[in-house]
Amino acid sequence: MASPTLYSKYARVWISDPVEVWVSAELTKDYSPGDTALQLLIEDGTELEYKLEPKGNVLPPLRNPDILVGENDLTALSYLHEPAVLHNLRVRFIDSKLIYTYCGIILVAINPYEPLPIYGADIINAYSGQNMGDMDPHIFSVAEEAYKQMARDERNQSIIVSGESGAGKTVSAKYAMRYFVTVSGTSTEASVEERVLASSPIMEAIGNAKTTRNDNSSRFGKYIEIGFDRKHRIIGAHMRTYLLEKSRVVFQAVEERNYHIFYQLCASAHLPEFSTLQLGSAGDFHCTNQGQSPIIDGVDDAQEMQATRRAFSLLGICERQQMDVFQVLAAILHLGSVEMTGRGSASYVSAENHNLSTFCELMMVSREPMAHWLCHKKLKTATETFSKPLAKAEAMDGRDALAKLIYARLFTWIVGQINRALRSSSQQHCFIGVLDIYGFETFELNSFEQFCINYANEKLQQQFNMHVFKLEQEEYLKEQIPWTLIDFYDNQPCINLIESKMGLLDLLDEECMMPKGSDDSWAQKLYNTHLKKSIHFDKPRMSNKAFIIHHFADRVEYQCDGFLEKNKDTVNEEQINMLKSSQFALLLELFQEEEKTPGPSTIAASGRTKMTRAGHSVREHKKSVGLQFRNSLHLLMETLNATTPHYVRCIKPNDFKSPFMMENTRAAQQLRACGVLETIRISATGFPSRWTYQEFFNRYRVLMKQKDVLSDRKLTCQNVVLQLIQDTDKYKFGKTKIFFRAGQVAYLEKLRADKLRAACVQIQKTIRCWLARKKYLRVQRAVVTIQRYARGQQARALCEALRRTRAAVVLQKHRRMCAARRLFLRQRDAAFLLQRLFRGHAARLQYAQLRREQKAVVVQRWVRGWLARLHYKRSLRAVVYLQGCVRRTLACRELKRLRVEARSVEHYKKLSVGMENKIIQLQRRVDEQHKENRELSEHLSVVESSGAAQLETLQRHLEALQGVQEDARRLADRVSVLEDELGVAQQELDRSKKVVAELNEKNTMLKSEKDELNRLIQEQDQQITDKLEKTHQEYAERLEVELNEERTRYQNLLTEHLRLEDQHADLMSERWAATLASRADSLKTEPAHNSTESEYSREIKGSEVNELAGEEEEKGGVDVVLLLKLQRRLAELEEERLLLQKESDYREEQVQQECAKDLEDCRRTIGAERDYEAQKRQELEAENKRLKKDLSELRLAVSRGRGLRLTSPGASAYNVLLEQLNSTSEELDVRKEEVLLLRTQLVNLEALKNKDAVSEGDSGHTSRSPTLDLRELNEDGELWMAYEGLKETNKLLESQLQSERQVHTEELEALRVELNALRQETLAAQPQDTHGNLALQHEIGRITRHNLELMEQMDKQDKTIRKLKKQLKIHLKKPPEASDGSAECRVVAVGGSLKPNSAEAQEDAGQEDAGQEDVALPAAGIVRKVRNCRGMLAYRKQDESRLLRTLITDLKPSGAAVSLLPDLPAYILFMCLRHADYTGDDRRVSTLLNSSINCIKNVLKKRGDDFETVSFWLANTCRFLHCLKQYSGEEAYTKHNTPHQNEQCLLNFDLTEYRWVLSDLVIHIYQQLIKCMEHVLQPMIAVGMLEQDTIPGILGLKPTGLRKRTSSFPEEGSYTLGSIISQLDSFHSTLVQHANDPDLIRQAVKQQFHIICAVTLNNLLLRKDMCSWSKGLQIRYNVCQLEEWLMDKGVQGGGVKETLEPLIQAAQLLQVKKKSVEDAEAIATMCTALTAAQIVKILNLYTPVNEFEERVSVSFMKSVQSLLKDREESPQLLMDSKTVFPVSLSFIPSSLALENLQIPPSLNLRFLSCL
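Owing to the predicted nature of the structure, the values given are computational and were not obtained by experimental measurement. (Residues numbered from 1 in each chain as written. Predicted model: local features only at pLDDT ≥ 70, side-chain atom pairs only at ≥ 80, totals over all residues. Heavy atoms only, no water.)

J.: Break down the overall build of the protein chain for me, with residues and values.
T.: Helix and strand counts for the protein chain stand at 50 helices and 27 strands. When each of the 1811 residues of the protein chain is scored for burial, the buried share is 46%. Partitioning the contacts of the protein chain with sequence separation of at least 6, the portion at a separation of at least 24 is 74%. (Helix = DSSP H or I, 4+ residues; strand = E, 2+ residues; numbered from the N terminus. Buried < 20%, exposed > 50% of the residue type's maximum accessible area, 1.4 Å probe, protein only. Contact = heavy atoms within 4.5 Å.)

In structure tokens, the structure reads:
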């Protein structure tokens, strides 16, 4: 009882309530001893005066502090009583959604009525290997505890699962068995665990039914023993059943069903194999339609039937036996529907009864005798036997009894078949039993079944009490605490009442043997024997046919009706004899079982019908059910007492099957019945609260003074407890713990809270003082500042006044001065004005005179000019009008012609067909025009000179004949004619100018269109380039993901393959040992065969395991079944490899198709551009034609002018004509350049088209074969090389487009420069050579064509080279056809690949390949070259085993290898390999490589747990692989070598396949390295990252309860974060010391940090006590330490640091605020590396360590869940700590010169010769 001093104001208590059972209330007034009432305030706000009992003043129980609410272990509560237990369970179940809670050694499991994601394989892995007290309560924790205790103590274990119907017993037992199956594995190839799990659906089908409380209620009890061998692997199982509810076969209450198997059978009646059973729906049969509820929501009986049949098949029950079982079940259904017709005291079955006929047909018995004995029974007297008819009720009871008997026998037979399937041939070392048995039951009407069930629970409760009492005593003795007898409830008197002599069962059996025994007489015997003589027996007041038993859980009233009949369970023997006479084999087997002598297994299997001794089996069915049940129960108790029990109590929270809803009344009733409260009471009687000294010190350090803290923690804690608690009876000091009585921890928590509260007040006072002083100082500074500014303002005002006074004086002075100066200036200005006016007047008079004269001159000039212009404009308008009319007519005519040409499609076709010829002709015509222009210019010069001479002659004639009138008239006429011609020429000239202007405009327009087209082409090119880059990037990301997936799958397959190899090797070694032993025995008996046997033994010792297997198989001594299974597994792996290979090829084809599609789009775009350019060419051609026409018109005009011979140099008409000709010539040159440009573009486009065709051909020739081996894809990064090849192909297409565009631009610029230079040279020189320009153009065209031809030849050569490479590769892999007996032709086999090595074979191969391709292949053989032979090691063949033993088998990394050069064994092996290659000894090469690999595997198999060994051989194997690559001669690897190293490459053999094997070996060693590191780190992670207080003074532990008493192992040395970092340092230094590749080291570190993050986060998600603010701070600090370690070691890159991101976010989640909606949004934004399930789980588990922290509210949880509901992610709760990232092997060449390598003498390799 708590101290009265704790009942102070604001203390909270529990008071009883009729509805809620218990409600919380708060004291509003302090309690003083002697008060008769308490003043309380209930949580709903009502005030209550709680009356205390007058006797004893029993105070209501106190409520635990909020910090203790929600604990994992109920015994951790300070106040241990019923309301505290009920409240703690309610908070965990409803608020935190936690269904499991510890109560000392009991696991309390509450049925959530909805599926929860807490039973997956990840959860099983998380609980595997953990102590029971280290993780949150779970059924897996109990299973792990049982498994570890079995492995440690070599003692059998039992898990007792109990609870009432609907509480979840069956599911809990199923999950426990699943855990054992998962963590233990099996010792044989056959899947025993699958058969163990397959028994569950069968037993549920035949033993479970729907009740009003549960849809899948187990109507029998079962005890499953799971057997283990000495290696603690499952080898088999055995099942015992108890008290099957047979009455359910013939009767069901309303809303209940019969057993599931009947409804499954009816739901599958439509199947053809069930047609002979004559079934229908469940409503057609009396046995399945009494409850009027044949359907269960959410359950498909047809699908359940399929699952049941699959389980039957998995357990080895064949299809014929299954059909026999279904036939018996169908017969039971028909038998239950047989109707009886009664006539008085007799009854009969109608002859037309179809159900009886079907029953007899199915049972293969005669109908008439069966119908007779269903309504009659045989009576025997001393002298005669006669048949007595039965009344209708008696006949129906007999029918039901027969149906129940048949079903019980079938049930027993099925259980026997299951046990036979689960039985193991090997010897069972120990077992774990799982007991799934009914809990305490009480109904309104309780009968014989409830009596037996409650009797069994009394026995189990007695065993439970004794076990709890024993554990308490052991704990006290262990801690050396004085043991005082604890008073606990002993139910032995109740058990004696039931099973002792003259007990209820004995009186029941006695009454059953009486001839006229009845239920009433049995009741009277009970009253006479036990009433008022036993405190556990009572009689109801209003009934003489019932009795009451006071059980440990409750008092139960039993109705006596039916007790005798159910106990006797009699069946008409004639009916049984009829069934025994049947021809149905299964039926005979069912009823012949009783004739066999039952052994222990049959007793256990039946549990009800096999409990008789030998010799009494014939009449065993008459043995009472009560006696059978009592015997089987005694056997069960003996089994349980011989094992270590573990208890699981299942609680049904409500009767409505609503998820996460708890009814306090039902929960309290079950807690009383299942013994949880009894456990609490026993714990509360003693010292329930237990703290280790260190935990007590950490928690209550705040209550200690500095002087109290000593170096000895135990002495410190003892001194403090003596000071704090005066009553020494309230505590006891043990060896390692302090024991407190109930309520003392709450008292200490109150003292701690008061101390912390006082400290908080002190802190608040100090802070408030500091804030007030800070405010005062701020106000003081503000006042001083204000004063300073006020005084400054006054000073400034005074200064301003003084300045204003001085300014006024200055202003006055200047004002007076201005007035005087103004008067003076006014007078002076008046004088100046008079002078100026006079002088201006005189000047203006003179100016007016001059202006009048000048204007007169201007008027005359403008009048004369106007007259001249008027005459000119009239003439000009007339000329322009005439020209416009003529040009309009010509333009209309030309427009019509152009429109006709534009509509003509054939015209465009003709133009496109002969475009190049026309362009050449146009060029020639332009040259001819240039020639004609030059001739015209020469002619003009001649005309000019002749005109001058003629002019002189004419002048002379004019002077001579001036007087002659006739000459004057003739000359006058000729002048008029010349003037007319000159006018015509002027008109032509004007028209030519207009044409030239139009041509210039069109030229400008064409140039702009051309620029626009170029811009569009560039934009399209840029878009295509961007699209290709984006596509390439997506391809790269996709291929990278697929590559990682393929690498992971391949490495998993490799791991599985190596595991199978190891298992096969182990089995072969065992077989070998057995064979040797047998041969040794044969040697003793058959001395004649000694020599043969010795040779055979030597052969075994010198051969491989697979060779031994082959020999043993030939001799018949091998396990053929095992070999077939291994072969089947290898075939499956091969099929999986082929599937992966096909998938890879399919993805390659997809990539190629997408690339081809992009190329096709690019070609389509280029074709459109080419068509557009063709159209432009047509337009330019039309323009050229127009220019030609204008030129011809100009030529005609010139010829006409030349005929008149009146054009002279210097004349205006001549100059205009000459300018027009020059401009026309320049325009023609421009057009010529454009034509050349278009032609070049056309040629480039054709070349690009040819290149695309060549590229397509190359890609088609270079595509990889779809049948490549998967290892070939992965070896040396060939898959990556294929991917890079695709990228290079796409980049090549882009670069070709860009290079062609650039080349086109450069060629165009070069041609323009050359044309300008040639034009200048042509203008400067005399134009005698008319064919120079044409020759130059022809030369340019020839050079362009030559360049195109060269490019085509280069493409063809590239294509040819690729074909040659491909043919060479195929040729090298093709075995040559050499003639027999040819000594010169030699074939070398290396790793399965054959290569020719002679000239003849090379020639033959070259001829064969030349026949397939157009280009002849070179010789495919490897020609021996004379190279440097240094850097090799020679050895004799007999020294090879010695070499391998010295270098591999006997070499210890921690021994002599420490002082060696890193990777020295790898270099030595490679140098030996070089010598074997140099000598061409293929057998030595193969033997050396195979032996080296096998030796390394053997070393790793023997010392695979040694990290240094694994690291050492990982480094050496990698170096050996790198050497094989570096000296392979392949260009990809030799480019890193020095010239001298390239000379040392391998000569004769291609070791590519051995590189594959070594790569696989490296991957295997790396995975083994990871396992070694994980094995060492795994136990450190959770302790070092979570449990240790790395920040002293921050953490405060809460009470831990009794759960740590059940830890399987004693406490080991505690790990810290420093231990983890030290271990990481050790790993890293070892890896670096052994010269492992830096990339491999980084990948190994990344893997370990992933394990650290996953294990820590998983423990955080499964441990409620670790989810607090202070723990988040500690985790963040620990993660920072790990990040600093990464920075120090320089391995933070490569995604290593990112692996810790989930843990960082989890720590932040524990530390952030969790109140408002903004906080929820911040959490959803911050926690991106955590899944929604993980976030919600952490928030649910968040537990305040101190009273100042607050719990997460339900509304906040809903806000977070609503924000996270749209996330698309895996629903998995835990991180997969078993995930292994795919390892990638990068090539790292060595700079070490092999010839400089020195072998230390310590290796004893003197037999090696250095060359």
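J.: Quick rundown of a nonpolar patch on the surface? Include the residues and the values.
T.: Together, Ile763, Ile767, Trp770 and Leu771 make up a nonpolar patch on the protein surface, roughly 410 Å² of accessible area in all. By secondary structure assignment, the location of Ile767 is in helix α25 (residues 744-903). On the basis of relative accessibility, which here comes to 43%, the residue Ile767 falls in the partly exposed class. (Patch = residues over 30% accessible without salt bridge, like charges linked within 9 Å, V, L, I, M, F, W, Y side chains within 5 Å. Areas by Shrake-Rupley, 256 points an atom, 1.4 Å probe, with all protein chains shown as cover. Salt bridge = Lys/Arg side-chain N within 4 Å of Asp/Glu carboxyl O.)

J.: Residue-level account of the sheet that holds strand β21 (residues 689-692), with values.
T.: With antiparallel pairing, three strands are arranged side by side in an open sheet as β21-β23-β22. The sheet terminates laterally at β21 and β22 (731-733), the two strands that pair on one side only. Between one strand axis and the next, the sheet turns through 20° on average, direction left out of account. Set on the sheet, helix α24 (residues 713-724) makes contact with β22 and β23 (737-740); between it and β22 the angle comes to about 160°. (Pairing = 2+ DSSP bridges. Axes fitted to C-alpha atoms, helices over the stretch in contact; angles between N-to-C directions.)

J.: Requested: an account of the packing of aromatic side chains, with residues and values cited.
T.: One pass over the structure, following the stated rule, counts 33 aromatic pairs. Taking 6.4 Å as the distance between ring centres and 75° as the angle between the ring planes, the aromatic pair formed by Phe312 and Phe326 counts as edge-to-face. Here Phe326 lies in helix α8 (residues 319-336) and Phe312 lies in helix α7 (residues 301-314), a separation of 14 residues in the sequence. Judged by relative accessible area, Phe312 falls into the buried class, the value being 2%. Pairwise contacts between aromatic rings join Phe448, Phe451, Trp522, Phe537, Phe547, Tyr558 and Phe563 into one cluster. For the cation-ring pair, Lys97 lies above Phe660, with the distance from its terminal atom to the ring centre recorded as 4.7 Å. (Phe/Tyr/Trp six-rings, centres within 6.5 Å; stacked < 30°, edge-to-face > 60°. Lys NZ or Arg CZ within 6 Å of the ring centre and 35° of its normal.)

J.: Please give an account of helix α45 (residues 1638-1661) that cites residues and values.
T.: Taking 1.5 Å as the rise per residue, α45 with 24 residues should run 34 Å; its terminal C-alpha atoms sit 34 Å apart, in good agreement. In terms of burial, α45 is a largely internal element, 20 of the 24 residues being buried. (Expected span 1.5 Å × (residues − 1).)

J.: Report on the pattern of salt bridges, specifying residues and quantitative values.
T.: All told, the structure shown has 42 salt bridges when counted by the stated rule. Salt-bridge contacts for Asp400 lead to Arg399; the nearest nitrogen and oxygen are separated by 3.1 Å. Note on accessibility: Asp400 and Arg399 belong to one class, buried. For Arg1663, the salt bridge identified is with Glu1587, shortest N-O distance 2.8 Å. Of the two residues, Arg1663 sits in the loop between α45 and α46 (1669-1689) while Glu1587 sits in helix α43 (residues 1552-1587), which places them 76 residues apart along the sequence. When its relative accessible area of 4% is taken as the criterion, Arg1663 is described as buried.

J.: Which residues make up the sheet that holds strand β10 (residues 221-228), and what values go with them?
T.: One open sheet accounts for seven strands, arranged β5-β6-β20-β7-β16-β10-β11; its pairing is mixed. Where the open sheet ends on each side, the last strands, each with one partner, are β5 (100-103) and β11 (234-242). On average, adjacent strands in this sheet sit at an angle of 20° to one another, irrespective of strand direction. Pairing geometry for strand β7 (residues 157-163) and strand β20 (residues 644-651), over six bridges, is parallel. Considered in β20, the bridge of Ile160 is made with Tyr647.

J.: Got a sec to walk through the nonpolar core? Specific residues and values, please.
T.: Core analysis: the largest hydrophobic core is formed by 318 residues, its most contacted members being Phe180, Phe326 and Phe547. Broken down by element, the residue count for this core peaks at 16 residues, all from α43. Setting aside anything within four residues of it in sequence, one finds Phe326 in contact with Ile261, Leu265, Phe274, Leu277, Met305, Arg309 and Phe312. Ranked by size, the runner-up nonpolar core spans 17 residues in total, among them Phe697, Val720, Ile725 and Leu748. (Core = buried A, V, L, I, M, F, W, Y, C linked by side-chain atoms within 4.5 Å.)

J.: I'd like a description of the pairing of strand β1 (residues 12-17), backed by residues and values.
T.: Within a regular strand, the side chains alternate between the two sheet faces. Sheet topology places β1 next to strand β2 (residues 21-27); six bridges connect them, and they run antiparallel. When the bridges of β2 are listed, Val13 appears paired with Ala25. With antiparallel pairing between neighbouring strands as the criterion, β1 and β2 make up a hairpin whose turn holds three residues.

J.: Give a description of the pairing of strand β19 (residues 555-559) that names residues and reports values.
T.: Going residue by residue along β19, you find Val556 and Tyr558 tucked away on one face and Arg555, Glu557 and Gln559 left uncovered on the opposite face. As defined by bridge partners, strand β18 (residues 546-550) adjoins β19 across five bridges and the pair is classed as antiparallel. Bridge pairing in β19 places Ile548 opposite Glu557. The hairpin formed by β18 and β19 contains four residues between the paired strands.

J.: Give me the lowdown on unusual backbone geometry, citing residues and values where you can.
T.: Positive phi values are uncommon outside glycine, yet Leu243 reaches one of about 50°. If you trace the backbone, Leu243 turns up in the loop between β11 and α6 (260-267). Phi at Met502 takes a positive value of approximately 65°, unusual for a residue other than glycine.

J.: Explain the side chain of Thr1630 to me, using residue names and the numbers behind them.
T.: For Thr1630, the location among the structural elements is in helix α44 (residues 1617-1633). In this structure the side chain of Thr1630 is engaged in a polar contact, spanning 2.8 Å, whose partner is the backbone oxygen of Ser1626. Residues within four places of Thr1630 in sequence aside, it is in contact with Phe1507, Glu1508 and Ser1511. (Polar contact = N/O pair within 3.5 Å; in protein donor to acceptor, adjacent residues only side chain to side chain.)

J.: Requested: an account of the confidence of the model for the protein chain, with residues and values cited.
T.: Averaged over all residues, the pLDDT of the protein chain equals 77, while 74% of them reach at least 70. Every residue in residues 596-621 scores below 50 in pLDDT, and together they form 56 contacts with partners more than four places removed in sequence or on other chains. (pLDDT = per-residue confidence, 0-100.)

J.: An account of the packing of helix α1 (residues 82-95) against helix α21 (residues 664-673) is needed here, citing residue identities and associated values.
T.: The N-to-C vectors of α1 and α21 enclose an angle of 120°; their axes lie 11 Å apart at closest approach. Judged by the inter-axis angle, α1 sits oblique to α21. Of the two elements, α1 crosses α21, and the hand of that crossing is right-handed. Packed against α1, whose contacting residues are Glu82, Val85, Leu86, Leu89 and Arg90, the element α21 presents Asn664, Ala667, Ala668, Leu671 and Arg672 at the interface. In terms of residue class, the contact of α1 with α21 is made up of six nonpolar, one polar and three charged. (Parallel < 35°, antiparallel > 145°, perpendicular 65-115°, else oblique. Left-handed = near helix turned anticlockwise from the far one by under 90°. Nonpolar A, V, L, I, M, F, W, Y, C, P; charged D, E, K, R; others polar.)

J.: An account of the packing of helix α40 (residues 1507-1526) against α44 is requested, with residue identities and associated values reported.
T.: α44 packs onto α40 with a crossing angle of 35° between their chain directions and a minimal axis gap of 9 Å. Remark: the crossing between α40 and α44 carries right-handed chirality. Across the interface between the two elements, Phe1507, Glu1508 and Ser1511 of α40 pack against Phe1627, Thr1630 and Leu1631 of α44. Among the residues forming the contact of α40 with α44, the class breakdown is three nonpolar, two polar and one charged.

J.: Tell me about helix α22 (residues 676-685), and name the residues and values.
T.: The buried count for α22 comes to seven of ten residues, which makes it a mostly enclosed element. Where α22 is buried, its residues touch α1, β5, β6 (106-110), α12 (448-478), β20 and α21.

J.: Outline the environment of Gly342, supporting the account with residue identities and numerical values.
T.: Counting through the fold element by element, Gly342 comes out in strand β12 (residues 341-343). Judged by its relative accessible area of 40%, Gly342 is partly exposed. Considering only alpha carbons, one finds Gly342 and Ala395, 53 residues apart in sequence, at a separation of 9.2 Å. In this view, Gly342 contacts Ser347 and Lys392; residues no more than four positions away in its chain are not counted.

J.: Describe the environment of Glu1795, with residues and values.
T.: Tracing the sequence through the fold places Glu1795 in the loop between α50 (1754-1764) and β27 (1809-1810). Given the relative accessible area of 18%, Glu1795 is considered buried. Distance in space between the C-alpha atoms of Glu1795 and Leu1433 is 9.7 Å, their sequence separation being 362 residues. Among the polar contacts made by the side chain of Glu1795, one reaches the side chain of Gln1544 at a distance of 2.7 Å.

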